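Geometric and topological summary
Below are the chains, spelled out letter by letter.
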Amino acid sequence: MLNLIIVVAVILVVAVLIIAFRVTNLVDVVKPKQKDADTNVPSGNSAQGVLMIVFLVVGTIGFFYYSKTEFDSYNLPIASEHGVITERLFWITMVITVFVFVVTQIFLFGFSWKYRYKKTNTAHYYPHNNKLEMIWTFVPAVVLAWLIISGLKEWSKITGPAPEGSEVIEVMGYQFAWAFRYPGKDGDLGKVDFRKIDAVNQMGLDLSDRKGHDDFMPTQLVIPKDKPVHLQIRGRDVIHSVYNPHFRLQMNAVPGLPTRFWFVPTVSTAEMRDKTGNPDFNYELVCNKICGKSHFGMKGIITVLEQDEYDSWYKEQQENSWLKQNPDYLSQVPNELREAAIIASGLEINVEQIESSAQGSSK
Amino acid sequence: MSVTDIQLQQDTAGHDDHHEDHDHELGFVSKYIFSTDHKTIAKQFLITGIFWALLGGALSVIFRLQLGFPNMDLEWLRPLLGEWITVEGKIDPEFYLAMVTMHGTIMVFFVLTAGLSGTFSNFLIPLQIGARDMASGFMNMLSYWFFFASGVIMFVSMFIETGPASGGWTIYPPLSALPQAMSGSGLGMTLWLVSMALFIVSTLLGGINYITTVINLRTEGMTFSRLPLTIWAFFITAILGLLSFPVLFSAALLLIFDRSLGTSFYLSDIYIAGEALPNVGGSPILFQHLFWFLGHPEVYIVILPALGITSEIISTNSRKPIFGYKAMIGSMLGIGFLSFVVWAHHMFITGMNPFLGSIFTILTLIIAVPSAIKAFNYITTLWRGNIIFTPAMLFSIGLVSFFISGGVTGLFLGNSVLDINLHDTYFVVAHFHLVMGAAAFFGMLAGVYHWFPKMFGRMMNDKLGKLHFWLTFVGVYLVFFPLHYIGIAGFPRRYYAFTSFDTFGGFTDLNSLVSIAAILTFTAQFIFLFNFFFSIFRGKLAPANPWKSNTMEWTTPRFPKHGNWPGAIPRVFRWAYDYSKPGAKDDFIQQTTPYSHTPESNLEHENENAKQEDLTGVDKVNG
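How each quantity is defined
Residues numbered from 1 in each chain as written. Chains lettered and ligands numbered in written order. Predicted model: local features only at pLDDT ≥ 70, side-chain atom pairs only at ≥ 80, totals over all residues. Helix = DSSP H or I, 4+ residues; strand = E, 2+ residues; numbered from the N terminus. Rg over C-alpha atoms; globule rule 2.2 N^0.38 Å. Contact = placed C-beta atoms within 7 Å. Buried ≥ 20, exposed ≤ 12 C-beta atoms within 10 Å, placed from the backbone. Pairing = 2+ DSSP bridges. Axes fitted to C-alpha atoms, helices over the stretch in contact; angles between N-to-C directions. Nonpolar A, V, L, I, M, F, W, Y, C, P; charged D, E, K, R; others polar. Domains from an automatic or database assignment. Expected span 1.5 Å × (residues − 1). Parallel < 35°, antiparallel > 145°, perpendicular 65-115°, else oblique. Left-handed = near helix turned anticlockwise from the far one by under 90°. pLDDT = per-residue confidence, 0-100.

**A look at the overall build of chain A**
In terms of regular secondary structure, chain A is built from 10 helices and 9 strands. Its C-alpha radius of gyration of 33 Å places chain A more than 25% over the 21 Å reference for a compact globule of 363 residues. By principal-axis analysis of the C-alpha atoms, chain A measures approximately 110 × 65 × 40 Å. Partitioning the intrachain contacts of chain A with sequence separation of at least 6 by distance along the chain shows that 68% fall at a separation of at least 24.

**Examining the overall build of chain B**
Summing up its helical and strand segments, chain B has 19 helices and 2 strands in all. Taken over the C-alpha trace, chain B has a radius of gyration of 25 Å; the compact-globule value for 623 residues is 25 Å, and the two agree within 12%. With the C-alpha coordinates of chain B rotated into their principal frame, the extents come out at 80 × 50 × 50 Å. Per-residue burial for chain B yields a buried fraction of 63% across its 623 residues. Here the contacts in chain B between residues at least 6 apart in sequence split such that 79% fall between residues at least 24 apart.

**Things to note about the sheet that holds strand β2 (residues 177-181) of chain A**
All names here are of chain A. Read across the open sheet, the 4 strands follow the order β2-β1-β4-β7; overall the sheet is mixed. One side of each edge strand has no neighbouring strand; the edge strands of this open sheet are β2 and β7 (259-263). Ignoring strand direction, the axes of neighbouring strands in this sheet form an average angle of 25°. Examined bridge by bridge, strand β1 (residues 167-174) and β2 share 5 bridges and lie antiparallel to one another. By the bridge assignment for β2, Val-171 is matched with Phe-180.

**Observations concerning the interface of chain A and chain B**
The partner chain B presents 104 residues to the 93 residues of chain A that form the contact. Those elements giving two or more residues to the side of chain A that touches chain B turn out to be α1 (2-30), α2 (45-69), α3 (71-74), α4 (81-114), α5 (130-159), β5 (240-244), β6 (249-253) and β8 (283-287) of chain A. Among the elements that line the side of chain A that touches chain B, the one with the most residues is α5(A), at 15 residues. Split by residue class, the side of chain A that touches chain B holds 45 nonpolar, 35 polar and 13 charged.

**Quick look at the domain arrangement of chain A**
Residues and elements named next belong to chain A. Parsing chain A into structural domains produces domain 1 (48-116 + 132-160) and domain 2 (167-361). Taken over C-alpha atoms, the centre of domain 1 sits 41 Å from the centre of domain 2. At the junction of the two partners, domain 1 supplies 9 residues and domain 2 supplies 13 residues. Taken together, the residues of the side of domain 1 that touches domain 2 sort by class into 4 nonpolar, 4 polar and 1 charged.

**Quick look at the environment of Phe257(B)**
All names here are of chain B. As for its placement among the helices and strands, Phe-257 is situated in helix α8 (residues 229-260). In this structure Phe-257 comes out as partly exposed when scored by C-beta crowding, with 15 C-beta atoms within 10 Å. Non-local contacts of Phe-257, meaning those with residues more than four positions away in its chain, are made with Thr-263 and Phe-265.

**Digging into helix α6 (residues 137-157) of chain B**
Its 21 residues place the ends of α6(B) 31 Å apart at the C-alpha level, agreeing with the 30 Å of an ideal helix rising 1.5 Å per residue. Listing the buried residues of α6(B) in full gives Gly137(B), Asn140(B), Met141(B), Ser143(B), Tyr144(B), Phe146(B), Phe147(B), Ser150(B), Gly151(B), Met154(B) and Ser157(B).

**With respect to the packing of helix α5 (residues 93-129) of chain B against helix α7 (residues 187-216) of chain B**
When two helices pack together, you describe them by how their axes are tilted relative to each other and by the distance separating the axes. All names here are of chain B. At a minimum axis separation of 11 Å, α5 and α7 run at an interaxial angle of 20°. Considered as vectors, α5 and α7 are oriented roughly parallel to each other. As for the relative orientation of α5 and α7, their crossing is left-handed in sense. On α7, the residues that touch Phe-109, Thr-113, Ala-114, Gly-118, Ser-121, Ile-125, Pro-126 and Ile-129 of α5 are Phe-199, Ser-202, Thr-203, Gly-206, Tyr-210, Thr-213 and Val-214.

**Here's the deal with the confidence of the model for chain B**
In the predicted model, chain B carries a mean pLDDT of 92, and the fraction of residues at 70 or more is 95%. Confidence drops under pLDDT 50 across residues 1-22 of chain B; counting only partners more than four residues distant or on other chains, this segment forms 29 contacts.

**Some words on unusual backbone geometry**
Here the amide bond leading from Gln175(A) into Phe176(A) is cis, since omega sits at -5°, within 30 degrees of zero. Along the chain, the position of Phe176(A) falls in the loop between β1 and β2. In this model, Asp269(B) sits at a positive phi of 50°, which is unusual for a non-glycine residue. Here Asp269(B) lies in the loop between α8 and β1 (271-272). Even without being a glycine, Arg384(B) presents a positive backbone phi close to 55°. For Arg384(B), the position within the fold is in the loop between α11 (354-382) and α12 (391-408). The exposure class of Arg384(B) is partly exposed, given the 19 C-beta atoms found within 10 Å.

Encoded structure:
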């Protein structure tokens, strides 16, 4: 039945088009020709010019109205130090471009309407004007140069080295989730090797490096407020992208090419919950580089804590080092480092126990 | 047939005064299928391009349904998409990505490169420079058939079990290199690469031909400084293609090696599907550099022909010379040159050295200057004109509007520091769909409406053309303008749904509006299709010069035969933009009219030219 209706509808539409085609063609033939040489000016030429003006006016009103009333829904609150600066540049650029955009569209549609064909008019033979062309070469060039310079200063600051004493955290993207690693007590991240990755050792912690024995891997990215956070980013399988619009933060996670991004969060999750009036608000870590089937579901949670809350959280996590939670992997630690590893990771067993269990579980 | 070819070649080369004016009887196959006539090849490109545009558009409608109405039951698409509709009546998320990828590939390469350049470069270059055909008709034919073969392979790839390539039209490895990463990276990706290799061959064959023809086969008097801007645009476009497509080919070749031969050009340190791969030392960023070294010139390959067509149409229908002819050429040359040194602005946040980011920001924003000049010059051309709104003119004005709207947002994305937050969001989608997608598409439609009378000897219906314009114009703005807001809010592109994120909970209404607008815009194209195909057979017969245009193609007969001009090729005496010249009898003076015939309107230096004109045989030929 539905198919029949579709077929009938298509036939009707085609019929309407054929009739419209025939009628307008016939009308053109029958209509008395004007004596002058403007037979190639289609009827209703002026109406087209008027439609241009209507489009211009309705479009401009719609644009400004929507931009104003919906401002809060497309303009996310900023939660980082550099975000405030890039946002300012964004709005400066916006003012300039909206001005250029509106003025040129007014000229474009305005001229189209104003200089629509009239029998008594002749077009003005005006092939060039060097002065005018110079003006609109140099004015945009100067404005652009200014935008570039103000942008580049910030760019080099944002992409420059992270300040001393930043909180170093590793973020790894994989199909289709995020993994995080903190340096633990010693404040240093241990080495990783992609060949060591398996179902449990998700991040490929290389246990021959003692710095990694106390590393811990929580399920969320927890960061302190008002302190530089230095993300060290990598991808495990394909390219992902660490993105969060509130922090104005984005950097690709590339397999084989470690990347980094540092920023200073300025609004804690709790404060943002107050600010947005949404008690369930969370900063979300978004994957923003196509990475496969569940790309759209690759979410992480970022929690921003006050410094003291962060410190106590860190202390608590420190007791749960990855090695402590996965004691089987002690067998991968070289013999001479085992004792140190047990202390660093906080394991509550002695070496003999491990050796016997390692023998049991060795594959 | 080959005898005919040689005859034509000699004629073209020597500008003989006589040409056999009899019909060369060709069979159906050599006339319509394996034709070496540039006009037929152009029509083949056009009709193939229209086919692909419909397919690419239909794909976008399907994935817009998913984005606008995520809860809709799409069970009714099962007869078409089969297993790609899940048991819950939803589009499979992997197939969603496949559709996005195919939409991009089809639109960028098959429609806006082959369909646009292939059609209008082929059709207009010989006709507007006064040549009997392309420099090599045979290579030209090969160019089409390589394109056709490439299209067949791409089409077939959509029907294989694992689905077509799905890693986005930019096919970044490792995603595209590893079949474990997504099912589309299996056979689908192989077919994509093969298809694209053939496509590159086609583009190069065509491009070499366009360049050679423009350089060698211009008729007497058609100096470079008298070429219509369309030809300048096609010429520069062909050069860009010739320099950049081989780089895509090398990128694709290395990807093929990585996929099939175990090399590690792009792969390193990968653990996927439960195993660590042996590849080390490669760099995924290398691919991005190679890809965008083509990819960025490619967007100008798409837009320059459209701008060339627009220059011609706006000038003709404003009844005014194009404003700043030399500045237009200069800005096209500038854009052409700069387009090769801005590619890394697609890569600010990929891990590329930030210092390179600074350099590419500077270069990118410089390219805005010649683009701005072009926009200002179009607007000044309209100023104090006497504008006739043919459908072609409407589409050209629409193009300029899109070019501005989409162009200004480039100032955000080209600025590395602003790109941090906007990269890969819907802001980018809005930007490039307006500035190169819709604008180039409008250029193509404008070209079809304008040169239809020359292509098929008949007129398209004016009213339906205008209806088509307004529906499409308003529709395109309704589709792409709202995406700016969604992008500023941070919505990532290539997302099957936004339901997983609270941050992206809003804008469901706006997304529905965009989808409805997309469906209406797509539907409106059927008005064009009807008008196009019906007019081929039933349109009013076209007058010799329906738009009172100056360029040479309008001096050919209504149905030009292979060889274009029945007699000798007319000679050219002036530029293409003598519209409404003060003192002239008509408001246009064709390029083939000598200055000595128009003493009433000549400027001072032109009177000097008039004295030196050699008019032997001109009255007979240029008549």
